[in-house]
Number of protein chains: 2
Amino acid sequence: MKVQLERMLPQEIERRSMELIQEELDRRGLAIPPALAPVVKRVIHTTADFDYAENLVFSSQAVELGQKALQMGAAVVTDTQMARSGINKKALARFGGEALCFMSDPDVAQQAVQAGTTRAVASMEKAAKVLASRPAIFAIGNAPTALARLYELATEGVLRPALVIGVPVGFVNVVEAKELFLQLDVPYIIARGRKGGSNVAAAIVNALLYSIK
Amino acid sequence: MKVQLERMLPQEIERRSMELIQEELDRRGLAIPPALAPVVKRVIHTTADFDYAENLVFSSQAVELGQKALQMGAAVVTDTQMARSGINKKALARFGGEALCFMSDPDVAQQAVQAGTTRAVASMEKAAKVLASRPAIFAIGNAPTALARLYELATEGVLRPALVIGVPVGFVNVVEAKELFLQLDVPYIIARGRKGGSNVAAAIVNALLYSIK
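This report concerns the structure included in the present document.

Cut-offs used in this document
- Residues numbered from 1 in each chain as written.
- Chains lettered and ligands numbered in written order.
- Predicted model: local features only at pLDDT ≥ 70, side-chain atom pairs only at ≥ 80, totals over all residues.
- Heavy atoms only, no water.
- Helix = DSSP H or I, 4+ residues; strand = E, 2+ residues; numbered from the N terminus.
- Expected span 1.5 Å × (residues − 1).
- Buried < 20%, exposed > 50% of the residue type's maximum accessible area, 1.4 Å probe, protein only.
- Contact = heavy atoms within 4.5 Å.
- Salt bridge = Lys/Arg side-chain N within 4 Å of Asp/Glu carboxyl O.
- Axes fitted to C-alpha atoms, helices over the stretch in contact; angles between N-to-C directions.
- Parallel < 35°, antiparallel > 145°, perpendicular 65-115°, else oblique.
- Left-handed = near helix turned anticlockwise from the far one by under 90°.
- Buried area = accessible area lost by both parts, 1.4 Å probe.
- Polar contact = N/O pair within 3.5 Å; in protein donor to acceptor, adjacent residues only side chain to side chain.
- Nonpolar A, V, L, I, M, F, W, Y, C, P; charged D, E, K, R; others polar.
- Pairing = 2+ DSSP bridges.

### A word on helix 9 (residues 144-155) of chain A
Residues and elements named next belong to chain A.
- Taking 1.5 Å per residue, 12 residues should reach 16 Å; helix 9 reaches 17 Å between its end C-alpha atoms and fits that length.
- The buried fraction of helix 9 is high, at 10 of 12 residues.
- Every buried residue of helix 9 is accounted for by P144, A146, L147, A148, R149, L150, Y151, E152, L153 and A154.
- Residues of helix 9 that are buried make contact with helix 8 (119-130), strand 4 (136-140), strand 5 (163-166) and helix 10 (174-182).

### Let's talk about the pattern of salt bridges
- One pass over the structure, following the stated rule, counts 31 salt bridges over all chains.
- Through salt bridges with shared partners, a single network forms among D49, D51 and K195 of chain A together with D49, D51 and K195 of chain B.

### What about the environment of V205 of chain A?
Residues and elements named next belong to chain A.
- As for its position among the elements, V205 is in helix 11 (residues 198-210).
- A C-alpha to C-alpha distance of 22 Å links V205 and A31, two positions 174 residues apart in sequence.
- Beyond its immediate sequence surroundings of up to four residues, V205 is in contact with L70, V76, I87, A139 and I165.

### Quick notes on the packing of helix 7 (residues 106-115) of chain B against helix 8 (residues 119-130) of chain B
Residue and element names in this part refer to chain B.
- For the pair helix 7 and helix 8, interaxial distance at closest approach is 8 Å and the crossing angle is 120 degrees. With respect to their mutual orientation, helix 7 and helix 8 come out oblique. Considering how the two elements wind past one another, helix 7 and helix 8 form a crossing that is right-handed. In this structure, helix 7 contributes D107, V108, A109, Q111 and A112 to the contact, and helix 8 contributes R119, A122, S123, E125 and K126.

### Thoughts on the interface of chain A and chain B
- Counting from both sides, the interface comprises 45 residues of chain A and, opposite them, 45 residues of chain B.
- In total, chain A and chain B occlude about 3700 Å² of area from one another, counting both sides; carbon and sulfur atoms represent 63% of this.
- For the pair chain A and chain B, the interface holds three salt bridges.
- In this structure, R194 of chain A engages E24 of chain B in a salt bridge whose closest nitrogen and oxygen atoms are separated by 2.9 Å.
- Inspection of the region where chain A meets chain B yields seven residue pairs in polar contact (both at pLDDT 80 or more).
- Among the elements of the structure, helix 1 (10-27), helix 2 (37-47), helix 5 (81-86), helix 9, helix 10 and helix 11 of chain A are those that each provide at least two residues to the side of chain A that touches chain B.
- For the side of chain A that touches chain B, the leading source of residues is helix 1 of chain A, giving six residues.
- A class-by-class count of the residues in the side of chain A that touches chain B yields 20 nonpolar, 14 polar and 11 charged.

### Focus on the sheet that holds strand 1 (residues 56-58) of chain A
All names here are of chain A.
- The strand order across the open sheet formed by six strands is 1-6-5-4-2-3, and the pairing between neighbours is mixed. Each edge of the open sheet carries a strand with a single partner, namely strand 1 and strand 3 (99-101). Direction aside, the axes of adjacent strands within the sheet are offset by 15 degrees on average.
- Examined bridge by bridge, strand 4 and strand 5 share four bridges and lie parallel to one another. In the sheet register, I137 faces strand 5, and the bridge partner there is L163.
- Lying on the sheet, helix 4 (residues 62-71) is in contact with strand 1, strand 2 (75-78), strand 4, strand 5 and strand 6 (188-191); it crosses strand 4 at an angle near 120 degrees.

Right under this line is the structure:
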């Protein structure tokens, strides 16, 4: 039996999906500023969840600063292999950038045990060392402890991220870590509340890449 | 500045998260059958989205059949590298299983171009060939065309999946492909409606693995 779905090329499907998302945003009376729309709409495209039209918050010029960093070949550091996997590495490489995740590194596991902390925390510390002199975007979709450690490293002046995408998901410490980060003078894109995820983190990086003029 | 989050080990955080999810399900009057609860709660844990308590549908004995297949060393085939990345490969390997994704294979890309179809379709066809004589679970979090091709391969008798996890996300052809699959006599776990994703597909596989007695 042959299944009849509308036959469209992947690019057509994406274009049509974005139209449908815009129509539904309009219907719901959700006006997204044009500069933020590529990010908000891609996250909704990734999740089919319109809550993100209301819970994503952006520091001043966050999209432009993220794009500028990517154009300079910034590294993108994730807190899961899954987020790294979802990032379009070809698009990133066109500007000289790469996606890095230190979560599976043996030295990170060892450091976490020695310090009595999480691998997510240890992986952020490794990133701070490895990327000391390179522009870096942090895309955190899973571990609130990673976001909290970034907050500390930034306030201590150890790290100056080009952008922090703070979208860990969860029920414990997640809301607190995000609200804390909002107080910081570091460019951010944050999903307030409990929602987020590795897929959301990757979608935001890809949205920045795809909307570079 | 030292950030004060509740200090808990990852296992404690997960245990506490599951308690909070159960409390919220109770508060919302959503009673999940015990056999399905590990899957439903892990998907909510992954997304913080309680819609999944209502949109996940299970064919008769789907959880038990999926677990039995995993215990027999079933392969898990995904339609994205991201879903493959999110599956706990160590837990899978304990039973002799492995996670496979053919989406990046050069022969799949070539076949898709030749046949004028999507890589997702071509990757399902490759899976049907490669896994002809092995038990297999399909975890589809992205491409409705992959789910539609599985429907065809199953109705044609080419493939008899042990379980199909049908949770593609999106706005075009997604609802239709899922509703179609629900008519089929193949074990399934499907997220009705537009929601789903690679993270949801991986979470369901992991939930099955973790709840094997």
